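# Fold and geometry: a report
This is what each chain is made of:
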Amino acid sequence: MRVHLRRFGAAAALTAIAAGVAAAPVSAAARPGPLPAAVDDLHELGITGVQGFTRVDGVVSRARAGVGDLERGTPVPMDGWFRIGSNTKTYVSVVVLQLVGEGRLSLDDTVDRWLPGVVAGNGNDGRRITVRQLLQHTSGLYNYTRDMSGLFTEEGFREHRFDHWEDADLVALAMKHEPGFAPGTSWDYSNTNYILAGMVIEKVTGRPWESEVRSRILRPLGLSETSAPGDRTTLPRPHAKAYQQWQPGGTLSEVTQWNPSAASAAGAIVSTPSDVAKFWQALQGGRLLKPRQMAQMHETVLATTYQDFIPGGRYGLGITFIPNRCGGYWAHGGDVPGVNNANGVSADGDRVAVLALTTQLADEEASRNVYQRATRLIDDVICGSD
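Only a predicted model underlies this, so the values are computations on that prediction, with no experimental measurement involved. (Residues numbered from 1 in each chain as written. Predicted model: local features only at pLDDT ≥ 70, side-chain atom pairs only at ≥ 80, totals over all residues. Heavy atoms only, no water.)

### Comments concerning the overall build of the chain
The cut-off we apply is this: Note on conventions: DSSP H or I runs of at least 4 residues are helices, E runs of at least 2 residues are strands, and numbering of each starts at the N terminus. Taken over C-alpha atoms, the radius of gyration is set against a globule rule of 2.2 Å times the number of residues to the power 0.38. Think of it in three bands: residues with accessible area under 20% of the maximum for their type are buried, residues over 50% are exposed, and the middle band is partly exposed, with areas taken using a 1.4 Å probe on protein chains only. Should any heavy atoms of two residues lie within 4.5 Å, those residues are considered in contact.
Of regular secondary structure, the chain possesses eleven helices and 18 strands. The C-alpha atoms of the chain give a radius of gyration of 19 Å, which matches the 21 Å a tight globule of 386 residues would have. Principal-axis analysis of the C-alpha atoms places the extent of the chain at approximately 55 × 45 × 35 Å. Burial status across the chain gives 60% buried among its 386 residues. Sequence separation of 24 or more characterises 73% of the internal contacts of the chain that already satisfy a separation of 6 or more.

Structure representation (structure tokens):
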């Protein structure tokens, strides 16, 4: 479960710090429930700062643990801003599906129909890949983030953290490689798919994907704490600082400032735990998509390359189905340098949990421990804790 191999990835991207954090946990919660214990446990597993939000049948709980700044020892904010990473993909998928519902494009349209000549070379062929396959990660396209040196070493990050990237340049990185499989024949997570999906949105509407997310999702739902920041490298206040461990057992590197154009429609959105929860509940509550498009979003395939850590996990159109003891829930985790986002919502939208973890590191065993504890919290929220 090497997190950094799938930057802006799904639930795999949950990590912990193997070395202890000096500051003592600082916890607070509005109501009792499983959340306070979970955030304390996650901090004790090594996460520098943990923010949590749950809503269960209308009852809200907020909790925090750890510090927002290792040098100053200040508490992590209760509901501060953070980079949501690949949870961005769910917002982008909603916009595409809204356009489908309006009859402005079809999931069966080819990529070449909207972006002629963009997906070509080295066996890549946009005439054979559909919009549906982009959203479902069944295109076979190479994941461009594997070629971004600024995501794998501290030296590379320092050199490239403020670089601006055009979407076409990100796609061009992927086009240097052959596809992993023929379109529609298998599944593998690729951020390239959602860079292309964002480009399709702009081609169809004449406006950038960020503008469509804002007008179609953020404003109607009143998500005033959510934005797509473009080239803005800083976060609104309050926020916890983000920390990255580049090698197992290594020291922590502060990585809060970063140009999210490297993620774009695959992972650039900034939000707060409460706003992310509102989005998920609105989506599953039927407020964003027509019934036909909701059904299309939830048509899943086996997430083949994620089975080692999400047994039975399935991927729809920008959304993941994760089985659990009471059936399962919908989610889309994400990560960018120094930050992980874990979440889950019940099928009816009545129960939701969101965690923001401001630490990443390379140790696989520690990562798995954190992932399992975060998953246990989500299970308790969705199923009810005993």
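### With respect to the side chain of Thr130
Positionally, Thr130 belongs in the loop between strand S7 (124-125) and helix H4 (131-136). Once you skip the residues sitting within four places of it in the chain, Thr130 turns out to touch Leu107, Asp108, Asp109, Thr110 and Val111.

### A word on the nonpolar core
Which entries qualify depends on this criterion: Residues belong to one nonpolar core when they are buried, are Ala, Val, Leu, Ile, Met, Phe, Trp, Tyr or Cys, and are joined through side-chain atoms within 4.5 Å.
If you look at the biggest cluster of nonpolar residues, it comprises 105 residues, and the most contacted ones within it are Tyr91, Leu105, Ile217, Phe279, Leu283 and Leu355. In contact with Leu105, other than residues within four places in its own chain, are Val96, Leu99, Val100, Trp114, Val131, Val200 and Val204.

### Considering the state of the cysteines
Going by this rule: In this description, a disulfide is simply a cysteine sulfur pair whose atoms lie within 2.5 Å.
Counted under the stated rule, the structure contains one disulfide. The disulfide bridge from Cys326 ends at Cys383, spanning 2.0 Å between sulfur atoms. Handedness of the Cys326-Cys383 disulfide follows from its S-S torsion of about -80 degrees: it is left-handed. Remark: Cys383 occurs in helix H11 (residues 364-383) and Cys326 occurs in the loop between strand S13 (320-322) and strand S14 (329-331); sequence separation between them is 57 residues.

### Remarks on the packing of helix H2 (residues 88-101) against helix H8 (residues 209-221)
Selection criterion: Fitted lines through C-alpha atoms serve as axes, helices being fitted only where they are in contact, and the angles separating the N-to-C directions of these axes extend from 0 to 180 degrees. Comment on the angle field: the value is read as roughly parallel under 35 degrees, roughly antiparallel over 145, roughly perpendicular from 65 to 115, and oblique elsewhere. All residues other than Ala, Val, Leu, Ile, Met, Phe, Trp, Tyr, Cys, Pro, Asp, Glu, Lys and Arg, Gly among them, are scored as polar; the first ten of these are nonpolar and the last four charged.
Two elements in contact, H2 and H8, have axes separated by 10 Å at closest approach and are oriented at 80 degrees. Between H2 and H8, the interaxial angle falls into the category roughly perpendicular. For the pair formed by H2 and H8, the contact residues are Thr88, Tyr91, Val92, Val94, Val95, Gln98 and Leu99 on the first element and Trp209, Glu212, Val213, Arg216, Ile217 and Leu218 on the second. Considering only residue class, the contact of H2 with H8 consists of nine nonpolar, two polar and two charged.

### So, the packing of H2 against helix H7 (residues 192-205)
Stated formally: Note: crossing handedness is left-handed where the near helix turns anticlockwise from the far helix by less than a right angle, and right-handed where it turns clockwise.
At a minimum axis separation of 10 Å, H2 and H7 run at an interaxial angle of 35 degrees. Here the hand of the crossing between H2 and H7 comes out left-handed. Together, Lys89, Val92, Ser93, Val95, Val96 and Leu99 of H2 and Tyr194, Ala197, Gly198, Ile201, Val204 and Thr205 of H7 make up the contact between the two elements. Its residues assigned to classes, the contact of H2 with H7 shows eight nonpolar, three polar and one charged.

### Details of the pairing of strand S3 (residues 59-69)
Here is the rule: DSSP calls a pair of strands paired once it identifies at least 2 bridges connecting them.
With eight of eleven residues buried, S3 is to be regarded as a mostly interior element. Direction of pairing for strand S2 (residues 49-56) relative to S3: antiparallel, over a ladder of eight bridges. In the strand pairing of S3, Thr54 is matched with Ser61. Between S2 and S3, which pair antiparallel in sequence order, lie two residues; one of them, Asp57, sits at a positive phi of approximately 50 degrees. By the bridge criterion, two bridges tie S3 to strand S4 (residues 74-75) in an arrangement that is antiparallel. Of the residues in S4, the one forming a bridge with Asp69 is Thr74. Remark: four residues form the turn of the hairpin made by S3 and S4, two consecutive strands paired antiparallel; Gly73 in that turn has positive phi of roughly 70 degrees.

### Details of the packing of aromatic side chains
Our working definition: Pairs were defined over the aromatic rings of Phe, Tyr and Trp, the Trp ring being its six-membered one, requiring ring centres within 6.5 Å. Orientation was assigned from the angle between planes: stacked under 30 degrees, edge-to-face over 60, tilted for the rest. Criterion for a charge above a ring: Arg CZ or Lys NZ at most 6 Å from the ring centre, at most 35 degrees from the ring normal.
According to the stated counting rule, one finds eleven aromatic pairs in the structure shown. Arranged with centres 5.7 Å apart and planes meeting at 45 degrees, the rings of Trp187 and Tyr315 form a pair that is tilted. Of this pair, Trp187 sits in the loop between helix H6 (167-175) and H7 while Tyr315 sits in strand S12 (residues 314-315), and the two are 128 residues apart along the sequence. The same class applies to Trp187 as to Tyr315, namely buried. Here the aromatic residues Trp187, Tyr189, Tyr306, Phe309, Tyr315 and Tyr371 are joined through ring pairs into a cluster of three or more. The ring centre of Trp114 lies 4.0 Å from the NZ or CZ of Arg113, which sits over that ring. Between Arg146 and the ring centre of Tyr142, over which it is positioned, the NZ or CZ distance is 5.4 Å.

### Focus: unusual backbone geometry
The linkage connecting Arg237 with the following residue, Pro238, adopts the cis geometry, with an omega of 5 degrees. The residue Pro238 is located in the loop between H8 and strand S8 (243-245) in this model. Positive phi is not limited to glycine here, since Asp57 has a value of about 50 degrees. Within the secondary structure layout, Asp57 lies in the loop between S2 and S3.

### Quick notes on the UniProt feature "domain: Beta-lactamase-related" (unreviewed entry) in the chain
To be explicit about the condition: UniProt positions are given in the numbering used here, feature names are shortened, and annotations may be inferred rather than shown by experiment.
The positions that UniProt labels "domain: Beta-lactamase-related" (unreviewed entry) are, in the present scheme, residues 45-371. With 29% helix and 20% strand, residues 45-371 has its two end C-alpha atoms placed 10 Å apart.

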